[in-house]
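Listed below, chain by chain, are the residues.
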Amino acid sequence: MSTNLPAKRTAGTEVAVVKNEDFVTMTIAEQVFGIPVLQVQDVLGPQRITRIPLAPPEVAGSLNLRGRIVTAIDVRLRLGLPLRDKDKPGMSIVVDHKGELYSLMVDSVGEVLSLTSDDFERQPATMDARWREVSTGIYRLRENLLVVLDVSRLLNFANTEAA
(Lines give C-alpha, C1' and ligand atoms only; values in the text may rest on other atoms or scores of the structure.)
Protein backbone atom coordinates (compact mmCIF):
# COMPACT_ATOMS: atom_id res chain seq x y z
CA MET A 1 0.00 0.00 0.00
CA SER A 2 1.37 3.41 -0.82
CA THR A 3 1.12 6.06 1.85
CA ASN A 4 0.87 9.80 1.48
CA LEU A 5 2.73 10.43 4.70
CA PRO A 6 5.11 13.36 4.91
CA ALA A 7 8.75 12.58 4.29
CA LYS A 8 11.36 13.59 6.82
CA ARG A 9 14.62 14.99 5.44
CA THR A 10 17.80 13.98 7.18
CA ALA A 11 21.23 15.00 5.86
CA GLY A 12 20.17 15.24 2.22
CA THR A 13 18.13 12.01 2.14
CA GLU A 14 14.38 11.52 2.33
CA VAL A 15 13.01 8.98 4.78
CA ALA A 16 9.31 8.10 4.83
CA VAL A 17 7.67 8.64 8.19
CA VAL A 18 5.81 5.53 9.27
CA LYS A 19 2.66 6.25 11.23
CA ASN A 20 1.53 3.86 13.94
CA GLU A 21 -2.13 3.42 14.80
CA ASP A 22 -3.41 1.86 18.01
CA PHE A 23 -6.45 -0.42 17.98
CA VAL A 24 -8.50 -2.00 20.75
CA THR A 25 -9.02 -5.56 19.58
CA MET A 26 -12.15 -7.62 20.10
CA THR A 27 -13.31 -11.08 19.10
CA ILE A 28 -16.71 -11.80 17.61
CA ALA A 29 -17.46 -15.37 16.47
CA GLU A 30 -13.71 -16.15 16.57
CA GLN A 31 -12.90 -13.27 14.18
CA VAL A 32 -10.62 -10.47 15.38
CA PHE A 33 -11.80 -6.89 14.87
CA GLY A 34 -10.27 -3.58 15.85
CA ILE A 35 -11.45 -0.07 16.66
CA PRO A 36 -9.12 2.93 16.89
CA VAL A 37 -8.23 3.30 20.55
CA LEU A 38 -9.06 7.02 20.60
CA GLN A 39 -12.73 6.21 19.89
CA VAL A 40 -13.04 3.89 22.90
CA GLN A 41 -14.48 5.43 26.07
CA ASP A 42 -14.74 2.33 28.27
CA VAL A 43 -14.69 -1.47 28.36
CA LEU A 44 -17.44 -3.25 30.28
CA GLY A 45 -18.14 -6.76 31.45
CA PRO A 46 -21.64 -8.27 31.22
CA GLN A 47 -24.36 -5.67 31.80
CA ARG A 48 -28.09 -5.68 32.50
CA ILE A 49 -29.71 -4.44 29.30
CA THR A 50 -33.28 -3.14 29.00
CA ARG A 51 -35.01 -3.85 25.67
CA ILE A 52 -36.21 -0.87 23.62
CA PRO A 53 -39.59 -1.44 21.90
CA LEU A 54 -39.65 -1.07 18.09
CA ALA A 55 -35.87 -0.61 17.89
CA PRO A 56 -33.95 -2.12 14.95
CA PRO A 57 -32.89 -5.75 15.59
CA GLU A 58 -29.23 -4.73 16.07
CA VAL A 59 -30.20 -2.54 19.03
CA ALA A 60 -30.11 -4.93 21.99
CA GLY A 61 -31.46 -2.25 24.33
CA SER A 62 -30.06 0.33 26.71
CA LEU A 63 -27.98 0.29 29.87
CA ASN A 64 -27.08 2.76 32.56
CA LEU A 65 -23.41 3.73 32.73
CA ARG A 66 -22.68 6.02 35.67
CA GLY A 67 -25.99 7.84 35.20
CA ARG A 68 -25.85 8.06 31.39
CA ILE A 69 -28.12 6.07 29.12
CA VAL A 70 -26.07 4.01 26.65
CA THR A 71 -27.55 2.28 23.59
CA ALA A 72 -26.35 -1.33 23.37
CA ILE A 73 -25.62 -2.61 19.85
CA ASP A 74 -25.34 -6.35 19.13
CA VAL A 75 -22.40 -6.32 16.73
CA ARG A 76 -23.00 -9.99 15.84
CA LEU A 77 -26.40 -9.11 14.37
CA ARG A 78 -25.00 -6.02 12.65
CA LEU A 79 -22.41 -8.23 10.92
CA GLY A 80 -24.92 -10.95 10.00
CA LEU A 81 -23.48 -13.50 12.44
CA PRO A 82 -25.46 -15.98 14.56
CA LEU A 83 -26.47 -15.00 18.10
CA ARG A 84 -24.03 -15.68 20.95
CA ASP A 85 -24.94 -18.54 23.29
CA LYS A 86 -26.88 -17.22 26.30
CA ASP A 87 -24.58 -19.08 28.71
CA LYS A 88 -21.48 -17.25 27.40
CA PRO A 89 -21.30 -13.75 28.87
CA GLY A 90 -19.96 -11.14 26.51
CA MET A 91 -18.25 -7.81 26.96
CA SER A 92 -18.89 -4.33 25.64
CA ILE A 93 -16.79 -1.54 24.22
CA VAL A 94 -18.29 1.91 24.84
CA VAL A 95 -17.76 4.44 22.06
CA ASP A 96 -18.87 8.03 21.62
CA HIS A 97 -20.57 8.79 18.31
CA LYS A 98 -21.96 12.28 17.63
CA GLY A 99 -22.23 13.01 21.34
CA GLU A 100 -24.10 9.79 22.18
CA LEU A 101 -22.65 6.76 23.94
CA TYR A 102 -23.01 3.31 22.37
CA SER A 103 -22.07 -0.03 23.87
CA LEU A 104 -20.78 -2.43 21.20
CA MET A 105 -21.56 -5.94 22.45
CA VAL A 106 -18.78 -8.38 21.55
CA ASP A 107 -17.65 -11.85 22.65
CA SER A 108 -14.39 -10.68 24.23
CA VAL A 109 -12.05 -7.70 24.32
CA GLY A 110 -8.37 -8.28 23.67
CA GLU A 111 -5.28 -6.17 23.84
CA VAL A 112 -4.35 -2.84 22.31
CA LEU A 113 -2.25 -3.36 19.18
CA SER A 114 0.01 -0.71 17.70
CA LEU A 115 0.17 -1.34 13.94
CA THR A 116 2.00 0.55 11.21
CA SER A 117 0.04 2.20 8.44
CA ASP A 118 2.34 0.45 5.93
CA ASP A 119 0.72 -2.89 6.86
CA PHE A 120 -2.84 -1.61 6.34
CA GLU A 121 -4.68 -3.11 3.35
CA ARG A 122 -8.02 -2.53 1.65
CA GLN A 123 -10.76 -5.06 2.31
CA PRO A 124 -10.42 -8.20 0.18
CA ALA A 125 -12.97 -8.51 -2.64
CA THR A 126 -14.08 -11.81 -1.10
CA MET A 127 -15.08 -10.20 2.22
CA ASP A 128 -18.79 -10.33 3.04
CA ALA A 129 -20.58 -7.21 1.74
CA ARG A 130 -21.92 -6.34 5.23
CA TRP A 131 -18.40 -6.47 6.64
CA ARG A 132 -17.02 -4.32 3.80
CA GLU A 133 -19.77 -1.78 4.46
CA VAL A 134 -18.73 -1.27 8.12
CA SER A 135 -14.96 -1.62 7.86
CA THR A 136 -12.12 0.48 6.51
CA GLY A 137 -9.65 -2.32 5.79
CA ILE A 138 -7.57 -5.09 7.30
CA TYR A 139 -4.24 -5.92 8.87
CA ARG A 140 -2.71 -9.35 8.34
CA LEU A 141 -1.49 -10.45 11.75
CA ARG A 142 0.77 -13.42 12.45
CA GLU A 143 -2.06 -15.89 13.08
CA ASN A 144 -5.20 -14.15 11.82
CA LEU A 145 -6.77 -11.20 10.09
CA LEU A 146 -7.76 -8.03 11.96
CA VAL A 147 -10.75 -6.27 10.41
CA VAL A 148 -10.76 -2.54 11.24
CA LEU A 149 -14.30 -1.37 12.01
CA ASP A 150 -15.52 2.13 11.18
CA VAL A 151 -17.70 3.09 14.15
CA SER A 152 -19.79 5.65 12.25
CA ARG A 153 -20.59 3.13 9.50
CA LEU A 154 -21.25 0.40 12.08
CA LEU A 155 -23.82 2.63 13.78
CA ASN A 156 -25.54 3.66 10.52
CA PHE A 157 -28.64 1.43 10.48
CA ALA A 158 -30.34 3.10 7.48
CA ASN A 159 -28.47 0.90 5.02
CA THR A 160 -29.32 -2.37 6.82
CA GLU A 161 -33.05 -1.67 6.95
CA ALA A 162 -33.12 -1.33 3.15
CA ALA A 163 -31.34 -4.69 2.76
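Residues numbered from 1 in each chain as written. Predicted model: local features only at pLDDT ≥ 70, side-chain atom pairs only at ≥ 80, totals over all residues. Heavy atoms only, no water.

Looking at an unreviewed UniProt entry, one finds the protein named Purine-binding chemotaxis protein CheW and attributed to Nitrospirillum iridis.

Draft legend 1. Here's a closer look at the overall build of the protein. When helices and strands are tallied, the protein shows four helices and 13 strands. Looking at the 163 residues of the protein, the share that counts as buried comes to 40%. Restricting to contacts in the protein with at least 6 residues of sequence separation, those with at least 24 account for 51%. Per element, the accessible surface of the protein, about 9900 Å² overall, is 50% carbon and sulfur. (Helix = DSSP H or I, 4+ residues; strand = E, 2+ residues; numbered from the N terminus. Buried < 20%, exposed > 50% of the residue type's maximum accessible area, 1.4 Å probe, protein only. Contact = heavy atoms within 4.5 Å. Areas by Shrake-Rupley, 256 points an atom, 1.4 Å probe, with all protein chains shown as cover.)

Draft legend 2. Molecular detail of the layout of surface pockets. Here the largest pocket is characterised by a volume of approximately 280 Å³. Lining the largest pocket are 13 residues, and of these D74, L83, R84, K86 and M105 lie nearest its centre. By residue class, the composition of the lining of the largest pocket is six nonpolar, no polar and seven charged. (1 Å grid on protein atoms, 1.4 Å probe; cavity = no way out; pocket = protein on both sides within 12 Å on 5 of 7 lines; lining within 4 Å. Points joined across faces, edges and corners; volume = space filled by probe spheres on them. Nonpolar A, V, L, I, M, F, W, Y, C, P; charged D, E, K, R; others polar.)

Draft legend 3. Region of the structure containing the nonpolar core. Membership of the largest hydrophobic core comes to 27 residues, with the highest contact counts inside it found for I28, F33, L79 and L104. Where this core is concerned, the elements lending two or more residues are β3 (20-28), β4 (31-36), β8 (91-97), β9 (100-106), α2 (129-134), β13 (145-149) and α3 (151-154). When neighbours within four sequence positions are excluded, L104 is seen to be in contact with I35, I73, V75, M91, S92, I93, V95, L154 and L155. Core analysis: the second largest hydrophobic core is formed by nine residues, L63, L65, V94 and L101 among them. (Core = buried A, V, L, I, M, F, W, Y, C linked by side-chain atoms within 4.5 Å.)

Draft legend 4. View of the packing of aromatic side chains. Per the counting criterion, the structure on display carries three aromatic pairs. A network of ring pairs unites the aromatic residues F23, F120 and Y139 as a single cluster. (Phe/Tyr/Trp six-rings, centres within 6.5 Å; stacked < 30°, edge-to-face > 60°.)

Draft legend 5. Quick look at the sheet that holds β13. Read from one edge of the open sheet, six strands run β10-β3-β4-β13-β12-β11, paired in mixed fashion. Whereas interior strands pair on both sides, the edge strands pair on one side only; in this sheet they are β10 (108-116) and β11 (120-121). Note: β3 against β10, seven bridges, orientation antiparallel. Within β10, the position partnered with N20 by the bridge is T116. (Pairing = 2+ DSSP bridges.)

Draft legend 6. Region of the structure containing the environment of W131. Along the polypeptide, W131 turns up in helix α2. Judged by its relative accessible area of 15%, W131 falls in the buried class. For the pair W131 and L149, spaced 18 residues apart in the sequence, the C-alpha separation amounts to 8.5 Å. Once residues within four sequence positions are removed from consideration, W131 is found in contact with Q31, F33, L79, L81 and V147.

Draft legend 7. Focus on the side chain of D74. Structurally, the position occupied by D74 is in strand β7 (residues 68-74). Despite its burial, D74 pairs with no opposite charge, the nearest such side chain being R84 at 5.7 Å. Aside from chain neighbours lying at most four places away, what touches D74 is E58, A60, L83 and M105. (Lys, Arg positive; Asp, Glu negative; His and termini not counted. Salt bridge = Lys/Arg side-chain N within 4 Å of Asp/Glu carboxyl O.)

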